[in-house]
Amino acid sequence: MRTLCASTLIGEFFVIGFAGLVAMKSDDVSMAAVWTVCGVAMLLSLLLCGMITRPGGTQLGWALQIALIAGGFVVPAMFFLGVLFGGLWWASIHYGRKIDEAKARWAAQSAEADAG
């Protein structure tokens with residue numbers, strides 16, 4: 001699960017940065033506000049890469065997905081990209097857990113075969 005989720009978060013890191021570049025052109029939001037919000041979100045996406053398997057890691061990831069969707073109020077394309085990355089986040093968690101379970105089964109079968 002960790003690899004899939006981290007890959008999604010790294011993709012989000014770049015999307016957030018590019019959204020910040022687009023948001024800079026808006027007259028409604030100051031450049032300092034744009035880069036403060038984008039910087040925090042980018043840092044969070046990187047930190048979450050190492051926190052996926054810890055308690056609360058996936059919940060923080062969901063919070064980041066919601067924030068990406070909410071970014072659509074500043075950069076309208078983020079509505080679409082936020083939903084897209086939300087789907088990727090769900091798939092990363094869902095299929096990542098299935099892969100982890102399969103790896104654990106294979107390891108147990110291999111250990112059983114070696115012992116027996």
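Residues numbered from 1 in each chain as written. Predicted model: local features only at pLDDT ≥ 70, side-chain atom pairs only at ≥ 80, totals over all residues. Heavy atoms only, no water.

Here's the deal with the layout of surface pockets
Regions of empty space are outlined by a rolling probe, equal in size to a water molecule, passed over the atoms. Going by this rule: Residues are called lining when one of their atoms sits within 4 Å of a cavity or pocket point, these points coming from a 1 Å grid over the protein atoms alone, where a cavity is a set in which a 1.4 Å probe fits but cannot get out and a pocket is an open set with protein on both sides within 12 Å along at least five of seven lines. Grid points are joined across faces, edges and corners, and a volume is the space filled by probe spheres set on the points. Helix and strand definitions here come from DSSP, where helices need a minimum of 4 consecutive H or I residues and strands a minimum of 2 consecutive E residues; each element is numbered from the N-terminal end. Only Asp, Glu, Lys and Arg are considered charged in this grouping, and only Ala, Val, Leu, Ile, Met, Phe, Trp, Tyr, Cys and Pro are considered nonpolar; every other residue, Gly among them, is considered polar.
In this model, the largest pocket occupies a volume close to 380 Å³. In terms of lining residues, the largest pocket is bounded by 19 residues, among which V37, C38, A41, A67 and G71 are the most central. Elements with a contribution of two residues or more to the lining of the largest pocket: α1 (2-23), α2 (31-51) and α3 (57-70). If you tally residues by element for the lining of the largest pocket, the top one is α2, at seven residues. Residue composition of the lining of the largest pocket, by class: 18 nonpolar, one polar and no charged.

Observations regarding the nonpolar core
So the rule is basically this: Nine residue types can take part in a nonpolar core, namely buried Ala, Val, Leu, Ile, Met, Phe, Trp, Tyr and Cys, and a core is a set of them joined through side-chain atoms within 4.5 Å. Only protein chains enter the area calculation, which uses a 1.4 Å probe; residues under 20% of their type maximum are buried, those over 50% are exposed, and those in between are partly exposed. Contacts between residues were defined by any pair of non-hydrogen atoms, one from each residue, lying within 4.5 Å.
Formed by 23 residues in total, the largest nonpolar core has its most connected members in C5, L9, I16, I52, L64, M78 and W89. The set of elements that each furnish at least two residues to this core consists of α1, α2, α3 and α4 (77-115). A per-element tally of this core places α1 first, with eight residues. Ignoring sequence-local partners within four residues, the contact set of C5 consists of I52, W89, S92 and I93.

Considerations on the side chain of S45
Its location among the elements puts S45 in helix α2. The buried category is assigned to S45, whose relative accessible area is 0%. Apart from residues lying up to four places away in sequence, S45 is in contact with L9, F13 and L64.

Some words on a nonpolar patch on the surface
Rules: Residues enter patches when their relative accessible area tops 30% and they take part in no salt bridge; the joining distance is 9 Å for like charges and 5 Å for the nonpolar side chains Val, Leu, Ile, Met, Phe, Trp and Tyr. Every accessible area reported is derived by Shrake-Rupley at a probe size of 1.4 Å, with residue values counting cover from the shown protein chains alone. Between Lys or Arg on one side and Asp or Glu on the other, a salt bridge is scored when a side-chain nitrogen of the former is within 4 Å of a carboxyl oxygen of the latter.
On the surface, I10, F14, F18, L21, M24, M31 and L46 cluster together into a nonpolar patch covering about 670 Å² of accessible area. Considering each element in turn, the nonpolar patch owes the most residues, four residues, to α1. As for its position among the elements, M24 is in the loop between α1 and α2. M24 sits in the partly exposed class, given a relative accessible area of 34%.

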